[in-house]
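Examining the three-dimensional arrangement
So the chains spell out like this:
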Amino acid sequence: MNHLLSSLKEVCEKYPLQEKILIVPGYGQGHELCESLARSGTKWVNLHPGTAAGLAHQIAGEYLAEKEITLLTGLLTTAVVEEVFQHLEEQKALRYFIRESSSPGLIRAIASSINELRYCGVVAKALPPDSFVSKDKGHDMAALLKAYEQYLEDYKYIDTPGLLTLALNLLSSKKSALGTDTVYLLPSFLQLSPLEDQLIKSLAQDRLIVIHPDPVYGLAGPGIKPQYFLPENAAAPASDVERLPWLYQVGQSPEPVGDGSLSCFHSYGLTNEAREILRRVMAGGTPLDSVTVAYTNSGYIPVFYTLARRLGLNMTFEEGIPGSLTGPGRVLQGLVDWIRNDYSVSVLKVLLLSGDVRLQREKDTILTSAAAARVLSRSGIGWGRDRYVLLQRMSETLKEKAAEEFDEEGGDSRRERYLSQSALAEQLYNAINPLLSNLPVMDNQGKISFRELTAGLAYILSEITRPFSEIDAAALKGLINDLVQAGQFASFNLETDEALERVENIRQGCFFNFNVPRDKHNP
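Residues numbered from 1 in each chain as written. Predicted model: local features only at pLDDT ≥ 70, side-chain atom pairs only at ≥ 80, totals over all residues. Heavy atoms only, no water.

**Focus: the nonpolar core**
One recurring pattern in soluble globular proteins: nonpolar side chains tend to sit buried together. Inclusion rule: Definition of nonpolar core: a set of buried residues of the types Ala, Val, Leu, Ile, Met, Phe, Trp, Tyr and Cys, connected through side-chain atoms within 4.5 Å. Here the term buried applies to any residue with accessible area under 20% of the maximum for its type, exposed to any over 50%, and partly exposed to those in between, with areas from a 1.4 Å probe on protein chains only. Numbering goes from the N terminus for both helices and strands, where a helix is a DSSP run of H or I of at least four residues and a strand is a run of E of at least two. Should any heavy atoms of two residues lie within 4.5 Å, those residues are considered in contact.
Judged by nonpolar contacts, the single largest core of 71 residues is most densely connected at W338, L376, Y388, F450 and L453. In terms of residues, this core owes the most to one element, helix α15 (residues 411-437), which gives 8 residues. Not counting residues up to four positions away in its chain, the partners in contact with L376 are V345, L348, K349, L352, I381, Y388, L391, L428 and I432.

Here is the structure:
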């Protein structure tokens, strides 16, 4: 048992019945620690993982409901920052952040800076412009922060730093409180913002217990000097796994135990690494519930996800599965590609034949994707949203041909074929026309409404996506929600390519996992 789990065990034995809240960065990590403690043979009750934001929501949730204030997520706070940036830009109120064209990277950087300032408890009136290297930059940041604060107040929104501040204010005014005998456990390596740190200390008072993990010799943490040698009173490693703390100080590490608990291998590329890990797990007959794979970047997720699906293994991912790997994510990308390529028939055919799309049912018949692709190939549309009316004309032409064949020899069979093809063309037009009707048309400046684009894509996703699994269903719901929310605060128009790039960023930034524990107070 490592030092962190042994510390948790000691606390659980000392406070067996009292509520114990383990402060963690996310509920998934917290539940994993609790399960690991149980698997080690430690019996515990009333041990719950909690985040600073989750605790703040417990304190301020009732107040928010009474005042009808809505909590914003990270995606929405960026949208609000862009909205206020656009207004200040139109008013010529900015001196430093002057753009010649749309720049989502700049907006994300400003939103991140505003977020950090607010997590430190900094407000606009306390931000002097001359505290920046460039006074113009300081002027703009103060103006943006002030406009952001005003927007939240005017429209009754609150972000996470605002939630933390509200919870602190309610605690200080004695208008809200949690359990007075609750014990709070804080891992020493957890990096908290000033507001988070202040909230936890205000809640815990003298009931805060700091727990420490095993040291990593030779590696310094934030604000912590590196430790190079094993303390004299410390026990020698009983297994090779216990020698891992010397990974950055190999020359000072104890002698190998040779118990086979640790093995090293290398492979060429991410895929081969993942394959070898799964080979070893399956060869050893180890239950997947007992296996944790730690990786250095999210590039491993699609590799493990693809291999697990191919092998029929059920794997969960702490971050969730990227939206780009789900059926709804592929449909959204297909729609983006279709619009970007001027509504090209060839791109639409690829989307229809992907298997992720279902066309609308008309009466008792369903137009299959293969039949739709064949009709599109013969339609002569090529590209251009206005040319899809050719499907209607194609239907009418085929009806005329059917009428001409009525009295000729063998005409009945040809007539039926023409009528069948005409019906398919008409049905396809009736299926595609609503999609086009829900997508915005460019204005005189060659721009489109981002709000109308996201709303239209959300509607189309809900109409044509065919979810095959629970994760697809979760991804469909999540993507629709994120699209609607992203456009909710956008009153501006963008060039088509820029708008589509932002939709792709939404898709790439979405992760879904229906069976990972979530914050019950802030889902």
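**Points about the pattern of salt bridges**
The following threshold applies: Any Lys or Arg side-chain nitrogen located within 4 Å of an Asp or Glu carboxyl oxygen qualifies as a salt bridge.
Overall, the coordinates contain 14 salt bridges when judged by the stated rule. For D197, the salt bridge goes to K201, with nearest N and O atoms at 3.2 Å. Of the two residues, D197 and K201 both sit in helix α8 (residues 194-204), 4 residues apart, roughly one turn of that helix. Taking the relative accessible area as the measure of exposure, K201 reaches 46% and is therefore partly exposed. Here D337 and R340 are joined by a salt bridge, their closest N and O atoms 3.8 Å apart. Placement of both D337 and R340 in helix α11 (residues 327-340) is noted, with a separation of 3 residues, approximately one turn of the helix. On the basis of relative accessibility, which here comes to 26%, the residue D337 falls in the partly exposed class. Three or more residues joined by partner-sharing salt bridges are found here, namely E32, E35 and R39.

**Considering the pairing of strand β2 (residues 47-50)**
Both faces of the sheet carry side chains from a regular strand, because those side chains alternate between them. Note the following rule: The pairing criterion for strands is at least two bridges between them, as found by DSSP. Crossover handedness is defined by viewing with both strands directed away from the observer: a clockwise path from the first strand over the helix to the second marks the crossover as right-handed.
With 4 bridges joining them, strand β1 (residues 20-23) and β2 adopt parallel strand pairing. Bridging across to β2, K20 finds its partner in L47. A crossover links β1 with its parallel partner β2, the connecting element being helix α2 (residues 27-39), and its sense is right-handed.

**Considering unusual backbone geometry**
Look at N46: it is not a glycine, yet its phi comes out positive at around 60 degrees. Structurally, the position occupied by N46 is in the loop between α2 and β2. Positive phi values are uncommon outside glycine, yet Q205 reaches one of about 55 degrees. Positionally, Q205 belongs in the loop between α8 and β6 (208-211). Note on Q205: relative accessible area 56%, which makes it exposed.

**What about the packing of helix α9 (residues 270-283) against helix α10 (residues 300-311)?**
The condition is simple: Each axis is a line fitted through C-alpha atoms, taken for helices only over the stretch in contact, and angles between the N-to-C directions span 0 to 180 degrees. Every angle not falling under 35 degrees, over 145, or within 65 to 115 is termed oblique; those three ranges are roughly parallel, roughly antiparallel and roughly perpendicular. Take the far helix as your reference; a near helix turned counterclockwise from it by less than a right angle gives a left-handed crossing, and one turned clockwise gives a right-handed crossing. All amino acids are sorted into three groups, where Ala, Val, Leu, Ile, Met, Phe, Trp, Tyr, Cys and Pro are nonpolar, Asp, Glu, Lys and Arg are charged, and the leftover types, Gly among them, are polar.
For the pair α9 and α10, interaxial distance at closest approach is 10 Å and the crossing angle is 45 degrees. With respect to their mutual orientation, α9 and α10 come out oblique. The crossing of α9 and α10 is right-handed. Here L270, T271, E273, A274, R275, I277, L278 and M282 of α9 come into contact with α10, specifically with Y300, V303, F304, L307, R310 and L311. Residues that form the contact of α9 with α10 fall into these classes: 10 nonpolar, 1 polar and 3 charged.

**A closer look at the packing of helix α16 (residues 450-464) against helix α18 (residues 496-508)**
Where α16 contacts α18, the two axes come as close as 10 Å, and the packing angle between them is 50 degrees. Between α16 and α18, the angle is such that the two are oblique. In terms of crossing hand, the pair formed by α16 and α18 is right-handed. Seen from α16, the contacting residues are F450, L453 and L457; seen from α18, they are A499, L500, R502, V503 and I506. Split into classes, the residues belonging to the contact of α16 with α18 amount to 7 nonpolar, no polar and 1 charged.

**Let's talk about the side chain of D140**
The test is simple: In this charge count, Lys and Arg are treated as positive and Asp and Glu as negative; neither His nor the chain ends contribute. In protein, a polar contact requires one atom able to donate a hydrogen and another able to accept it; more generally it is a pair of N or O atoms within 3.5 Å, and residues adjacent in sequence count only if both atoms are side-chain atoms.
Tracing the backbone through its elements, the reader meets D140 in helix α6 (residues 135-154). Buried and unpaired, D140 has no salt bridge, with R95 as the nearest side chain of opposite charge at 5.6 Å. One polar contact links the side chain of D140 to the main-chain amide nitrogen of F97, over a distance of 2.9 Å.

**Concerning the packing of aromatic side chains**
We count it as follows: Centres within 6.5 Å make a pair out of two Phe, Tyr or Trp rings, where for Trp the six-membered ring is used; the pair is then stacked when the planes are under 30 degrees apart, edge-to-face when over 60, and tilted otherwise.
The final tally for this structure, using the stated rule, is 9 aromatic pairs. With a centroid separation of 5.1 Å and 90 degrees between ring planes, the pair formed by Y96 and F97 is classed as edge-to-face. For Y96, a relative accessible area of 41% corresponds to the partly exposed category. With a centroid separation of 5.2 Å and 70 degrees between ring planes, the pair formed by Y157 and F489 is classed as edge-to-face.

**Side note on helix α5 (residues 104-119)**
Just so we agree on the cut-off: To estimate the expected span of a helix, count its residues, drop one, and scale the result by 1.5 Å.
With 16 residues, α5 extends 22 Å between its outermost C-alpha atoms, agreeing within 8% with the 22 Å of an ideal straight helix rising 1.5 Å per residue. For α5, every residue scored as buried is listed here: P104, I107, I110, A111, I114, L117, R118 and Y119. In the core, the buried residues of α5 are packed alongside α4 (74-90), α6, α7 (160-172), α8 and α18. A positive backbone phi angle near 80 degrees is found at G121, which sits one or two residues after α5.

Functional significance is not addressed by these values, which are geometric in nature.
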